[in-house]
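The lines below spell out each chain.
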Amino acid sequence: MTPGVTHGPVPGTIAAAWLVARKDLSIEFRTRTAFLSALVFSVLGLATFYFTWDFSIVTPADRAPGVMWVILTFSALIGLQRSFGVEEHDRGIDALLVSPISREAIYLGKAVGNLVFLAAVQVVALPALAIFYNLPFDRAFLAVAGIVLLAMIGIVAVGTLFSAMAVNTRLAELLLPLLCLPFFVPVLINSAQASARLLAGRPMAEAWPQLKIVVGFDIVFLVVCTLVFPYTLEE
Amino acid sequence: MTTISQRADAMAATADAKPVFDWLFALAVLAVAAVYVRAIYFTPMEARLGLAQKIYYLHVPSAIAGYLAVSTSALMSIVYLWLRDERSDRLAEASAEVGLVCLTAVLTTGPLWARANWGTWWAWGDMRLTLTLFLWFLVAAYLVLRGAIDDVAMRGRYSAVLAILGAVLIPFIHLSVYVFRGMHPDPIVLKPSQPSLPGEMLTTFFMGALAFTLLCIALIRARYRYAVLHGRLALLDAERA
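First, a word on scope: everything that follows refers to the structure included in this document. Everything numeric here is computed off the predicted structure, so don't read it as measured data.

Rules of the game
Residue numbers run consecutively from 1 along every chain, following the written order of its sequence. Note on labels: chains are lettered from A, ligands numbered from 1, in written order. Restriction of local features to residues with pLDDT of at least 70 applies here, the model being predicted, together with a cutoff of 80 or more for giving and counting side-chain atom pairs; totals for whole chains, interfaces and linings are based on all residues. Here the side-chain values reflect all heavy atoms present in the structure, with hydrogen atoms and water set aside. The definitions used throughout rest on a 1 Å grid laid over the protein atoms alone, on which a cavity is an enclosed set of points accommodating a 1.4 Å probe that cannot get out and a pocket is an open set flanked by protein within 12 Å on both sides along at least five of seven lines; lining residues are those having an atom within 4 Å of a point. Grid points are joined across faces, edges and corners, and a volume is the space filled by probe spheres set on the points. Put simply, DSSP H or I for four residues or longer makes a helix, DSSP E for two residues or longer makes a strand, and each gets a number counted from the N terminus. Every residue pair with non-hydrogen atoms within 4.5 Å of one another is taken to be in contact. By convention, the term buried area covers the 1.4 Å-probe accessible surface removed from two parts as they join, with the contributions of both added. One speaks of a salt bridge when a side-chain nitrogen belonging to Lys or Arg is within 4 Å of a carboxyl oxygen belonging to Asp or Glu. Any pair of nitrogen or oxygen atoms within 3.5 Å is treated as a polar contact; in protein, a donor-acceptor pairing is required on top of that, and neighbouring residues in sequence qualify only through side-chain atoms on both sides. Gly falls in the polar group here, along with every residue not listed as nonpolar (Ala, Val, Leu, Ile, Met, Phe, Trp, Tyr, Cys, Pro) or charged (Asp, Glu, Lys, Arg).

1. Here we look at the layout of surface pockets
There is about 570 Å³ of room inside the second largest pocket. As for the second largest pocket, its lining consists of 22 residues, of which A:Val185, A:Leu188, A:Ile189, A:Ala192 and B:Phe134 are closest to the centre. At the level of elements, α3 (60–88) and α7 (175–199) of chain A together with α5 (127–147) and α6 (152–182) of chain B are the ones that each hand at least two residues to the lining of the second largest pocket.

2. Considering the interface of chain A and chain B
Accessible area lost upon the coming together of the parts is a frequently used measure of interface size. Taken together, the contact between chain A and chain B spans 35 residues of the former and 30 residues of the latter. Across the chain A/chain B interface, buried area totals approximately 2,800 Å², and carbon plus sulfur atoms make up 77% of it. On inspection of chain A and its partner chain B, the count reaches one salt bridge. The partner of A:Arg170 in a salt bridge is B:Asp150, and the shortest N-O contact between them spans 3.1 Å. Across the chain A-chain B interface, the total number found is seven residue pairs in polar contact (both at pLDDT 80 or more). Breaking the side of chain A that touches chain B down by element, the ones donating at least two residues are α6 (139–166), α7 and α8 (208–232) of chain A. Here the side of chain A that touches chain B is composed, by residue class, of 23 nonpolar, seven polar and five charged.

3. Remarks on the side chain of B:Glu93
Its place among the elements puts B:Glu93 in helix α4 (residues 86–117). Those residues in contact with B:Glu93 that sit more than four places away from it in its chain are B:Leu143, B:Arg146, B:Arg223 and B:Ala227.

4. Some words on unusual backbone geometry
Although it is not a glycine, A:Arg32 sits at a positive phi angle of roughly 60°. By the element assignment, A:Arg32 lies in the loop between α1 (13–31) and α2 (33–49). Positive phi values are uncommon outside glycine, yet B:Arg84 reaches one of about 55°. Note on placement: B:Arg84 falls in the loop between α3 (56–83) and α4.

Next comes the structure, spelled out in structure tokens:
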């Protein structure tokens, strides 16, 4: 300890994670670069995809879930790229590593920051989807919003870890989709199937088997990624 | 981190770097060729599928070899995280590359077989097909990740992390395809299941599986040797610089 300098108490894992998340979110709130690009990408994608089907064969409501999940996946990648990319300038990651907080706290903080980021994009993108594709704002739509949140937890759990790995490679952000997409597969298959069913007016019970897999994925990968994350930051 | 013995080792390697005859590889190629001669000329033609059925003797053995190589790769990557022995990391890299080649063979012959047998190029409801495809993506990502990292220790650790996550991912994909399929009726005409083979075809198939496993091992061994030489060369370059 340096004499004459007062040190506050070392925060616990949860408190430290919150500090990391708040740091990331305030950087994003002040610059809004990634947020705006993810947002514009989402709305632009929704509008563009509208013209990729034959109107006389499929109704807009039938294609809405597919479009939604494609757009969500790629807008998530935009946010995830930035998560650890932002630490590369001036080696911000070194400052995080020397700070008296655990590696797990860094991971959880980054993950929470990414989750809030993605949720904020979806707060605009989901209503835009409903408007462009003429979906009713009813209970099924609310349930789909819930599924989106569940899916984002799994996506963020895996994506945050890979973001930390990708920035240290020569390919940097080019590598992220390659690493992430195979891992998004179980989340996407099941959430897309579940939301397609709900939007088609089927009962909730028909979506349960898929939702259970998504929840299982969220829990398992959050735990596994927290455990292996320190290996991505060694030295 | 260079020790004197490592340096001497590197010198010796460059001194006697003459082409070596890979007897195991030669043996494996001969075995595969022999199986093919047997499959094409001495195994009876399948009544319904005709010549297309011969793909089977390439498709399934390369799938077996591919799964073997990929499992070895994942296992060796995880062992690296535990023992930090460079040899296990090299073996992981060698097996992953060979595994990708085998899985590519599976995925190109698969649709050909499916077209002749089920009347369709691809059946998403078929577990083996879908799993193999995603396994291919995983192995490809694994190799690209490895290629994008220069630091040996970091490459080993990152590969291990991806291998662990991949091992956790596979059951989830399996479960997802299972539930996805549960929603659709099982195909009746395009039945994605293997008919049981009569005796002579079964013998050819087992010989094929054996030959391909041998080829897989020979290729991994050759690739491993290359990795060792490559590592030594990098060491020498570092010395000179």
